[in-house]
Amino acid sequence: MLTLVGTYPPIRCGIATFNRDLREALLREGVPSQVAVVAHPEEVALPFPEEVVRVVAKEDREGYRALARLLRGPVILQHEYGLYGGKWGDWVLDLLEAPGPKVVVLHTLLKAPPPGLSLEDLAYMQGLLRAMGERVQAFVTLHPEGEGVLRAQGVRTPVVHIPHGLPDLPRPPKEALKRALGLEGHFLLVTYGLLGPGKGLEFALKVLARVLPQNPRVRYLVAGRLHPNLERREGRKYLDRIQDLARSLGVGEAFLLREGYLSEEELYRLAGAADLFLLPYPNLEQVSSGTLSYALALGKAVLSTPFWHARAALAEGRGVLLPAEEEAWAQAILALAESPERLGEMEERAYAYARDFTWPRVARAYRRLLEEVADVRPRVA
């Protein structure tokens, strides 16, 4: 049986959600699977569903080796630096000693070191990728340029591009959802997800301070929970700093913080009310964004920094890409707030684009890859 390795709900992170959605889509394609979870110590005792057959604590290296000995069938492993134990997560190599065919999904690819990362760290991480490649049958990259990046770093493993899956959702009734939030008549900006410095919220608030004097109808809704790693280190101090910044900039009344985990229904209602999604991510090396994927699935207009995923997904008029320059972002928001026709065109293009990347299509691509590397065939009903 296929085993998916990584995180999984009730752990609340993007990779856990990805693993769940991939498993459900593969099941519909007739590919049965189970799940093995690597979790922080405080997450090990969470009430995992029955498909989770093994939970290993992140810092339990012997647990990795024991899990590898148990994994006899094909494996799809989700990879993110720091998800696993060791230096930059290099204990993942222990998991990849499992004897069956293995596919690794790369959620981060680095061409250059992001802020705070040394060239030595980057070289170590690239070396880790090459070592992983020696143990697996294929890498999956979520970005079409991924294979070129891997080849430039000396990776010779077969590479397949399979995009991040998108939920197949109906277009949300935006104006009705805004009325339900008490925001009728406002131009609503939305950012959601795991909250932390990587979201660019500080920059967005400074942009909001430039926008409001010219258009007081604008509101900025930020929804989601703190990134678990940040919460472990410092509690909710980050959100306190964000709220203090909003007040100091004079945008406190226009800044709406919805803190906490969002159910799928709540997420649809909040995100569906957006006139414009803001993705001011400072890390331009980000190869995949679940938030961007969800915005496209809903057919939302997006204003974003030109990080990897955004450059591909927002081409051809599906969104607006701008460098992190406050005045440029402010003018773009002001122009879009006065251009419902342009917003409507962007929404139509985004929604049409997203139909090609729904989870059923993505699952079929994974099934074909598994058939190639492991001769896993769909069951006939």
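Calculation notes
Residues numbered from 1 in each chain as written. Predicted model: local features only at pLDDT ≥ 70, side-chain atom pairs only at ≥ 80, totals over all residues. Heavy atoms only, no water. Salt bridge = Lys/Arg side-chain N within 4 Å of Asp/Glu carboxyl O. Buried < 20%, exposed > 50% of the residue type's maximum accessible area, 1.4 Å probe, protein only. Axes fitted to C-alpha atoms, helices over the stretch in contact; angles between N-to-C directions. Helix = DSSP H or I, 4+ residues; strand = E, 2+ residues; numbered from the N terminus. Parallel < 35°, antiparallel > 145°, perpendicular 65-115°, else oblique. Contact = heavy atoms within 4.5 Å. Nonpolar A, V, L, I, M, F, W, Y, C, P; charged D, E, K, R; others polar. UniProt positions renumbered as here; feature names shortened; annotations may be inferred. Pairing = 2+ DSSP bridges. Right-handed = clockwise from strand over helix to strand, strands pointing away. Phe/Tyr/Trp six-rings, centres within 6.5 Å; stacked < 30°, edge-to-face > 60°. Left-handed = near helix turned anticlockwise from the far one by under 90°. Core = buried A, V, L, I, M, F, W, Y, C linked by side-chain atoms within 4.5 Å.

Per an unreviewed UniProt entry, the protein carries the name D-inositol-3-phosphate glycosyltransferase and comes from Thermus thermophilus.

Asker: Any details on the pattern of salt bridges? Residues and values, ideally.
Answerer: Considering all chains together, one arrives at 33 salt bridges under this definition. Measuring nitrogen to oxygen at the nearest pair gives 2.3 Å for the salt bridge that ties Asp 240 to Arg 236. Close ionic contact of Arg 361 with Asp 356 constitutes a salt bridge, the shortest N to O distance being 3.4 Å. Assessed through its relative accessible area of 43%, Asp 356 is described here as partly exposed. Taken together, the shared-partner salt bridges in this structure form one network comprising Arg 171, Lys 174, Glu 175, Lys 178, Asp 275, Glu 347 and Glu 348.

Asker: Mind laying out the packing of helix H1 (residues 14–28) against helix H15 (residues 359–374), listing which residues take part and the relevant values?
Answerer: At a minimum axis separation of 9 Å, H1 and H15 run at an interaxial angle of 80 degrees. Comparing their axes, H15 and H1 come out roughly perpendicular. In this structure, H1 contributes Phe 18, Asp 21, Leu 22, Ala 25 and Leu 26 to the contact, and H15 contributes Trp 359, Ala 363, Tyr 366 and Arg 367. Among the residues forming the contact of H1 with H15, the class breakdown is seven nonpolar, no polar and two charged.

Asker: Can you tell me about the UniProt feature "domain: Glycosyl transferase family" (unreviewed entry) in the protein, naming the residues and giving the values?
Answerer: As recorded in UniProt, the feature "domain: Glycosyl transferase family" (unreviewed entry) lies at residues 175–351. Spanning residues 175–351, this segment combines 47% helix with 15% strand, and its end C-alpha atoms are found 17 Å apart.

Asker: Tell me about unusual backbone geometry, residues and numbers included.
Answerer: Residue Pro 10 is reached from Pro 9 by a cis peptide bond, and omega for that bond is 15 degrees. For Trp 88, which is not glycine, the phi torsion reads 55 degrees and is therefore positive. A positive phi angle is found at Glu 316, which is not glycine, with a value near 60 degrees. Considering the arrangement of structural elements, one finds Glu 316 in the loop between helix H12 (308–313) and strand S13 (320–321).

Asker: Account for the pairing of strand S2 (residues 33–39), naming residues and giving values.
Answerer: Where a strand is regular, its side chains alternate between the two sheet faces. Burial of S2 is extensive: six of the seven residues sit out of reach of the surface. Sheet analysis places strand S1 (residues 2–6) next to S2, joined by five bridges and oriented parallel. Bridging from a neighbouring strand, Thr 3 pairs with Gln 34 of S2. Read from S1 through H1 to S2, the crossover connection turns out right-handed. With five bridges joining them, S2 and strand S3 (residues 52–57) adopt parallel strand pairing. Bridge pairing in S3 places Val 37 opposite Val 55.

Asker: Describe the sheet that holds strand S11 (residues 276–279), and please don't skip the residues or the numbers.
Answerer: With parallel pairing, six strands are arranged side by side in an open sheet as S10-S9-S8-S11-S12-S13. The outermost strands of the open sheet, each flanked by one partner alone, are strand S10 (255–259) and S13. Looking at chain direction, strand S8 (residues 187–192) and strand S9 (residues 218–224) are connected through six bridges and run parallel. Within S9, the residue paired with Val 190 across the bridge is Leu 221.

Asker: Talk me through the packing of aromatic side chains; I want residue IDs and the actual numbers.
Answerer: Inspection of every chain in the model, using the stated rule, returns eight aromatic pairs. Summarising the aromatic geometry, the rings of Tyr 64 and Trp 91 are spaced 5.9 Å apart at their centres and angled 90 degrees between planes, so their arrangement reads as edge-to-face. Residue Tyr 64 is found in helix H2 (residues 61–70), and its partner Trp 91 is found in the loop between strand S4 (75–79) and helix H3 (92–95); the two are separated by 27 residues along the sequence. For the residue pair Tyr 64 and Trp 91, the accessibility class agrees, reading buried in each case. Look at Phe 203 and Trp 329: their rings are 5.3 Å apart centre to centre, the planes differ by 85 degrees, and that puts the pair in the edge-to-face class. Of this pair, Phe 203 sits in helix H7 (residues 201–211) while Trp 329 sits in helix H13 (residues 326–337), placing them 126 residues apart in sequence. In terms of burial, Phe 203 and Trp 329 fall into one category: buried. Three or more aromatic residues link up through ring pairs in this structure, and these residues are Tyr 192, Phe 277 and Tyr 294.

Asker: Talk me through the packing of H7 against helix H9 (residues 237–248); I want residue IDs and the actual numbers.
Answerer: Contact geometry of H7 with H9 gives a least axis separation of 10 Å together with a crossing angle of 15 degrees. In terms of axis orientation, H7 runs roughly parallel to H9. Considering only the axes of H7 and H9, their crossing is right-handed. Across the interface between the two elements, Leu 201, Glu 202 and Leu 205 from H7 touch Tyr 238, Ile 242, Leu 245 and Ala 246 from H9. Classifying every residue of the contact of H7 with H9 gives six nonpolar, no polar and one charged.

Asker: Quick one: what's the story with the sheet that holds S1, residue by residue and with numbers?
Answerer: Sheet architecture is open: seven strands sit in the order S3-S2-S1-S4-S5-S6-S7, paired in parallel fashion. Each edge of the open sheet is held by one strand with a lone partner, namely S3 and strand S7 (159–161). Each neighbouring strand pair of the sheet contributes to a mean axis angle of 20 degrees, computed without reference to strand direction. The strands that H15 touches are S1, S4, strand S5 (102–106), strand S6 (138–141) and S7; relative to S6, the one it contacts most, it runs at about 165 degrees.

Asker: Before we move on, could you go through the nonpolar core and cite the residues and values that matter?
Answerer: Formed by 48 residues in total, the largest nonpolar core has its most connected members in Leu 77, Tyr 84, Leu 129, Met 132 and Phe 139. Here this core gets six residues from one element, more than from any other, and that element is helix H4 (residues 119–133). Apart from the residues within four sequence positions on either side, Phe 139 is in contact with Val 104, Leu 106, Leu 129, Met 132, Gly 133, Leu 150, Val 155, Thr 157, Pro 158, Val 159 and Val 160.

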